[in-house]
Amino acid sequence: MKTVVIGGGVVGVTTAYYLARDGHDVTVLEKAADLGTDATGGNAGLIAPSHSFAWASPQAPRMLVRSLMGEATAIRVKLSLDPRFLWWGLQFMRECTSRRARANTVVKLGLAQYSQAEMYRLEEEESLAYDVVKKGAVYLYRDERELELGLERMALLAEHGQEVKRLSPDELVALDPAFKSAAEVVTGAIHGVGDGSGNSERFTAELAAVCEEKYGVRFRSGVTVQRLLSSGDRITAVVTDQGEIAADRFVLAAGIQSPILARTIGQSIPVFPAKGFSITARVEDDSATPTVGGVDEKTLVAWSRLGDSLRISSTAQFDGYDRSYVTSDFDNIFATARELFPGAADWSTAQVRSCMRPMTPDGPPIIGRGPRHANLYYNTGHGHMGWTMACGSSLLLADLMAGRRPALEMRPFVVRTRRKGR
Ligand SMILES: Cc1cc2nc3c(=O)[nH]c(=O)nc-3n(C[C@H](O)[C@H](O)[C@H](O)COP(=O)(O)OP(=O)(O)OC[C@H]3O[C@@H](n4cnc5c(N)ncnc54)[C@H](O)[C@@H]3O)c2cc1C
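So, a few notes on the structure that sits alongside this text.

So, how was this worked out
Each chain has its residues counted from 1, running along the sequence as written. In view of the model being predicted, local features appear only for residues whose pLDDT reaches at least 70, and side-chain atom pairs are presented and counted only at 80 or more, with totals across whole chains, interfaces and linings using the full set of residues. For each residue, a C-beta atom is placed from the backbone, and the residue is labelled near a molecule or strand when this atom is within 6 Å of it. Secondary structure follows DSSP: runs of H or I at least 4 residues long count as helices, runs of E at least 2 residues long count as strands, and numbering of each begins at the N terminus. Just so you know the grouping, Ala, Val, Leu, Ile, Met, Phe, Trp, Tyr, Cys and Pro go in nonpolar, Asp, Glu, Lys and Arg go in charged, and all remaining residues, Gly too, go in polar. Here a nonpolar core is just a set of buried residues of the types Ala, Val, Leu, Ile, Met, Phe, Trp, Tyr and Cys, joined wherever their C-beta atoms sit within 7 Å. Put simply, a residue is buried when 20 or more other C-beta atoms lie within 10 Å of its own C-beta and exposed when 12 or fewer do; between those, it is partly exposed, and each C-beta is set from the backbone. In this description, a residue-residue contact is defined by the distance between C-beta atoms placed from the backbone, which must lie within 7 Å. Only the stretch in contact is used when fitting a helix axis, every axis being a line fitted to C-alpha atoms; angles between N-to-C directions are given from 0 to 180 degrees. Left-handed describes a crossing whose near helix is turned anticlockwise from the far helix by less than a right angle; the clockwise case is right-handed. Only strands joined by at least two bridges in the DSSP assignment are considered to pair. The arc in question is the one traced by the directions running from the helix axis out to the C-beta atoms. If you view a crossover with the strands going away from you and the path from the first strand over the helix to the second runs clockwise, you call it right-handed.

**Here's the deal with the site of the ligand**
Then comes step 1: Residues in contact with the ligand amount to 42 residues; listed here are only the nearest, Gly7, Gly9, Gly255, Gly276 and Gly386.
Then comes step 2: Of all the secondary-structure elements, those providing two or more residues to the shell around the ligand are helix 1 (10-21), strand 2 (25-30), helix 2 (39-42), strand 14 (272-282), strand 18 (351-359) and helix 12 (386-402).
Then comes step 3: Examining the composition of the shell around the ligand, we find that four residues originate from one element, strand 18, more than from any other.
Then comes step 4: Split into classes, the residues belonging to the shell around the ligand amount to 18 nonpolar, 20 polar and four charged.

So, in structure tokens, the structure goes:
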């Protein structure tokens, strides 16, 4: 069975791995020169089921209005008449009830937990090195009331098997002495005990090497897919800048580009980019740099220790496909880093970049066979949690494609143009 996977990020490469293990003859097409350099290469690095909260929540509309009025909010929206964004935005608003936010969070949590376990299993089986840290993640609060609300919110995750613990500032320092300065400005923290962190770009490269050497997967980098070709209810080939490539089955795992390619065969999927900013700074003082990853819940800045670097990221900006940034986009990250981890790194030499999360309006990714074409599968729309969810999503898809019963109920992930009433 010849299978083409479009996209060589963490989702495309994990998809290739599970399919090749099932005996598919897999080719991965990636437009960049290297694998895993887009969202996979710039994320915050958290492997964090405790961070599964759906973005569409009762609080979100107020934040969007404040953003439109020019306030500096964590989620920012630039007013746009792009019909794709308006359609996506309407659906997002529909998901902002507490009932839907809860349901979407529980679905994402289940996938994140399943995926994390599978990632760690894969790490053992294939001896993957990716700067993984398995000491949990901390969610920092600077205000007692916010901490109480955070604990109330986390109760939903605890009900579904995610261990969370309240930490005093002293307990935070006991967990990781590099939080000494952070402990002076926070009132407390929540420890997502089962969370972790790791370098998804490195994981992707290591797994790709296993795919190539052990399972004969072909990676064709520098090849841009321009459109899909269909005949009746089948996809026959992809048209690339280097000619047509035919196969028996196709998997669309192209991150934020997935909806654009899907449209070439008349399929609309609700995935829209949310731009984020991240920095990677070389560690200068080991004792001042945390190994435990986390999120400052006030500034919504997230960090992870990636070997001898610290990755720090922030912000979700709905600004279409515009990847540009200005220096001030990183102010929040640098200010938080300097306050929480003074002396950890030479911030002036940090590499800065933007990257985009492929967001669905409800939160759960899109995994499965499309409604229009019998041999086209989707694995996309993993949003702010795609590193955590990649292995599980790809195993679920491989199970579906093999006719095996997936370990999770697949209805929430169905290929959709919009979410039908639930
Ligand atoms: C700022 C930020 C912070 C984040 N933090 C976290 C976190 O802490 N934890 C977590 O779990 N997740 C996090 N995420 C989310 C996570 O990074 C993404 O969900 C995940 O990387 C998506 O993987 P992907 O493979 O679908 O997309 P990508 O990594 O974007 O890969 C898609 C690939 O497809 C290729 N491609 C696109 N179009 C074509 C084409 N036409 N032809 C050929 N190739 C094509 C691209 O070049 C790219 O390499 C974060 C994301 C951002 C932006």
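Structure's up, so let's keep going.
**A closer look at the nonpolar core**
Then comes step 1: Grouped together as the largest cluster of nonpolar side chains are 118 residues, with contacts concentrated most on Ile6, Val13, Ala16, Ala189, Phe250 and Leu252.
Then comes step 2: At nine residues, the largest contribution of residues to this core is made by helix 12.
Then comes step 3: With residues near it in sequence (within four places) discarded, Val13 still touches Gly8, Val28, Leu35, Gly36, Thr204, Leu207, Ala208 and Cys211.

**Section: the packing of helix 1 against helix 12**
Then comes step 1: For the pair helix 1 and helix 12, interaxial distance at closest approach is 8 Å and the crossing angle is 35 degrees. In the crossing of helix 1 with helix 12, the sense of the turn from one axis to the other is right-handed. For the pair helix 1 and helix 12, contact is made by Val10, Val11, Thr14, Thr15, Tyr18 and Leu19 and by Gly386, Trp387, Ala390, Cys391, Ser393, Ser394, Leu395, Leu397, Ala398 and Met401, respectively.
Then comes step 2: Here the contact of helix 1 with helix 12 is built from residues that sort into eleven nonpolar, five polar and no charged.

**Some points on the sheet that holds strand 10 (residues 225-231)**
Then comes step 1: Strand order in the open sheet formed by three strands is 10-11-12, with antiparallel pairing between adjacent strands. The sheet is open, and its two edges are formed by strand 10 and strand 12 (243-246), each paired on a single side. Taken over all neighbouring pairs, the strand axes of this sheet differ in orientation by 30 degrees on average, direction set aside.
Then comes step 2: Examined bridge by bridge, strand 10 and strand 11 (residues 234-240) share six bridges and lie antiparallel to one another. Residue pairing across strands places Leu228 opposite Val238, the latter belonging to strand 11.

**Observations concerning helix 11 (residues 331-340)**
Then comes step 1: Buried residues of helix 11: Ile333, Thr336, Ala337 and Leu340, and no others. Along the long axis of helix 11, the arc covered by the buried residues comes to 100 degrees, so they all point the same way.
Then comes step 2: Summarising the contacts, the buried residues of helix 11 are in contact with helix 8 (180-185), strand 14, strand 15 (293-296), strand 16 (301-306) and strand 17 (309-318).

**Quick word on the environment of Ser309**
Then comes step 1: Counting through the fold element by element, Ser309 comes out in strand 17.
Then comes step 2: Residues Ser309 and Ile279, spaced 30 residues apart in sequence, show a C-alpha to C-alpha distance of 9.9 Å.
Then comes step 3: Discounting chain neighbours no more than four positions away, the residues touching Ser309 are Thr280, Ala281, Arg282 and Val283.

**Thoughts on the pairing of strand 1 (residues 2-6)**
Across a regular strand the side chains alternate sides, sitting on one face of the sheet and then on the other.
Then comes step 1: Taken across its five residues, strand 1 has four buried, putting it largely inside the fold.
Then comes step 2: Pairing of strand 1 with strand 2 involves five bridges; the strand directions are parallel. Bridging across to strand 2, Val5 finds its partner in Val28.
Then comes step 3: Handedness of the β-α-β unit built from strand 1, helix 1 and strand 2 comes out right-handed.
Then comes step 4: With four bridges connecting them, strand 1 and strand 13 (residues 249-252) associate as parallel partners. Among the inter-strand pairings, Val5 is bridged to a residue of strand 13, identified as Val251.

**A word on unusual backbone geometry**
Then comes step 1: Not every positive phi belongs to a glycine, and Asp131 is a case in point at roughly 55 degrees.
Then comes step 2: Its location among the elements puts Asp131 in the loop between helix 5 (98-126) and strand 5 (137-141).
Then comes step 3: Although it is not a glycine, Thr315 adopts a positive phi angle of roughly 75 degrees.
Then comes step 4: Following the sequence through the fold, Thr315 ends up in strand 17.

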